[in-house]
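# Working through the structure, step by step
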Amino acid sequence: MIGISMTLRPLLATTLAIALIAPTAQAQVAATSPIAITIDLDTPGPTINRNIFGQFAEHLGTGIYGGVWVGTDSPIPNVRGIRTDVVQALRAIKAPNIRWPGGCFADEYHWRDGIGPAENRVARLNASWGNVIEPNSFGTHEFMDFADQVGAEVFLSVNVGSGTVQEAADWLEYLTADQPTTLAQERAANGHPEPYKIKYLGLGNENWGCGGAMSADHYVEEMKQYAHYSRNLNPAQTGPDAMQRVAVGWDSGNEDYTETVMQAWKDKVWSWDIEGVSLHGYTIPNSWEAKGPSVGFGEDEYAKAIKATLKMEGWVTAQTAIMDRYDPDRKVALYVDEWGLWADPTPGSNPGFLQQQNTMRDAVIAALNLNIFMRHADRVQVANIAQMVNVLQAMILTDGPRMVLTPTYHVYDLYVPFQDATLVPLSLGEGVYTFGDISLPRSDAVAARDKDGALWLSLVNVDPNTPLTLTLRLPGATGTAQGRLLTAPSVDSHNTFDSPDTVKPVAFAGRVSNGQMTFDLSPRSVAVVKVQ
Ligand code: AHR
């Protein structure tokens, strides 16, 4: 259940108690009864890998072309064709890694189409996403340049569906060889003599579906070849910097892939290995056929979407349980490398472009999912929201020269202090928010200590109507509790190019009195607070 830490431990000498007053529907009886969070400061939890806050950029709609790549001749400010405003925005939230080139597109991508002089790039149709021309102007070197400008690690997905093992092996040699092989010399001739660093390598994508409709057994036989022959030859990538290979796993409810991959891993021979298994889990408010609008909705669509997004807790728990059976020492990490709210496309847009608005509902969804990943930090090492710019639950929307930051972006901004922090075990009696026949936890919280020892709290008021008063009892406390809070006039409030600041964080502070801190959270809000 969300809000109950996997490390619910007995109270130790040093505890914090947080009281929540929950005056809604079913919880009305308990309107004046405090709901306690208990934090165990004496038993540090796992490190929250900063890569949980990763991004995903696919050749899909305007996710790359227009959103990232404008070309070197563009009047839009750019560095070597990559738009400066987007890079600056991603640097500000310390985007730790970027997954590329897909998604479904990855299993149709041939890396040689996108290297060398611009006039020699191969134009193809993007059959996965709208059958538009894929000019391959943004290829390997452009992506590596983009990741470097952002300061992010690289997460490449190789083509298992329609490519070959040799093609993937050659791409890795091209990227990482430091010896003067023919491929390394070709890379140097294309402008990059130094070997690149590839931190993560996805071995296919959704190969149960768009990646070739393979049975789990068939995929595993393919995957083993890719895991063995896709060699990272960069001598600098050893020890903790070694490339991590990620096999395809869970499909929102279908356990076959994870089970089969992990079984194979347990019985593996010396010649292959993996370091991660993926999970893809989208929030679909209604059904795949009619998902529901991304804006212009009411409380019913809000409640349905929050209910849908909380399935992530069960998905992560279930996949962890499968992995634990084969890998009790947790050597193989869980990569939630596609997640987010998937709504109906914006009316009038190309349906193959997956464009949607991003609202305060998306912000609450982002916070709840990030909190789930942080609570599972002992297994979840990487997560990638789908997607970074202009696609699905985007951080950033662009329109020609204009750019707007979404409510989801602001949650990532608030959550920067949790990158590489240490999870603090926490338990929470969250109260209930009810709409119609949907009852949900009203609140959510995560605590963590940063490298300097400061305590950070993430606090979510899921209830769209009722404020939440939160009291933190900290005996002897005389310090401060300050941070920022994100809220908006309604659940579908959003930022537009003409009104970019409708949803943005404001300063937020707790009141400190007699060893107690009191926070007043607005309805539908996300707050991050530093407790001194
Ligand atoms: O993110 C959009 C698509 O969703 C990806 O290409 C695919 O992997 C998933 O089905």
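Given the structure is predicted, the values throughout are model-derived calculations rather than measurements.

The space that makes up the largest pocket amounts to roughly 680 Å³. Taken together, 33 residues make up the lining of the largest pocket; nearest its centre are H141, E142, M144, D145 and Y196. Elements supplying a minimum of two residues to the lining of the largest pocket: helix 2 (140-150) and strand 9 (153-158). Tallying contributions element by element places helix 2 first for the lining of the largest pocket, with seven residues. Residues belonging to the lining of the largest pocket are distributed by class as follows: 14 nonpolar, 10 polar and nine charged.

Let's shift gears to helix 7 (residues 299-309). Every buried residue belonging to helix 7 is among E301, Y302, A303, A305, I306, A308 and T309, and all of these are buried. Looking at the buried side of helix 7, the elements it contacts are strand 12 (276-283), helix 8 (311-326), helix 9 (360-375), strand 19 (432-435) and strand 20 (438-441).

Moving on: the nonpolar core. Membership of the largest hydrophobic core comes to 132 residues, with the highest contact counts inside it found for F146, F373 and Y415. The dominant element in this core, judged by the number of residues it contributes, is helix 9, at 11 residues. Composition of this core by domain shows at least three residues from each of domain 1 (25-44 + 424-531) and domain 2 (50-420). Among all residues touching Y415, those that are not within four sequence positions of it are F53, A367, L370, N371, M374, S458, V460, V526 and V528. Core analysis: the second largest hydrophobic core is formed by 23 residues, L426, L485, F508 and V529 among them.

Another point: the sheet that holds strand 28 (residues 525-531). Across the sheet, which stays open at both edges, the six strands sit in the order 17-21-22-28-24-25 with antiparallel pairing between neighbours. Looking at the sheet topology across the chains shown, the edges are occupied by strand 17 (422-424) and strand 25 (506-509). The average angle at which neighbouring strand axes cross in this sheet is 25 degrees, direction not considered. Across seven bridges, strand 22 (residues 455-461) lies against strand 28 in antiparallel orientation. By the bridge assignment, S458 is partnered in strand 28 with V528. With respect to the sheet, helix 9 is in contact with strand 17, strand 21 (443-449), strand 22, strand 24 (481-486) and strand 28, its orientation differing from that of strand 21 by roughly 50 degrees. Contacting strand 24 and strand 28, helix 10 (residues 407-414) crosses the sheet at an angle of about 165 degrees to strand 24.

The rules behind these values
Residues numbered from 1 in each chain as written. Predicted model: local features only at pLDDT ≥ 70, side-chain atom pairs only at ≥ 80, totals over all residues. Heavy atoms only, no water. 1 Å grid on protein atoms, 1.4 Å probe; cavity = no way out; pocket = protein on both sides within 12 Å on 5 of 7 lines; lining within 4 Å. Points joined across faces, edges and corners; volume = space filled by probe spheres on them. Helix = DSSP H or I, 4+ residues; strand = E, 2+ residues; numbered from the N terminus. Nonpolar A, V, L, I, M, F, W, Y, C, P; charged D, E, K, R; others polar. Buried < 20%, exposed > 50% of the residue type's maximum accessible area, 1.4 Å probe, protein only. Contact = heavy atoms within 4.5 Å. Core = buried A, V, L, I, M, F, W, Y, C linked by side-chain atoms within 4.5 Å. Domains from an automatic or database assignment. Pairing = 2+ DSSP bridges. Axes fitted to C-alpha atoms, helices over the stretch in contact; angles between N-to-C directions.

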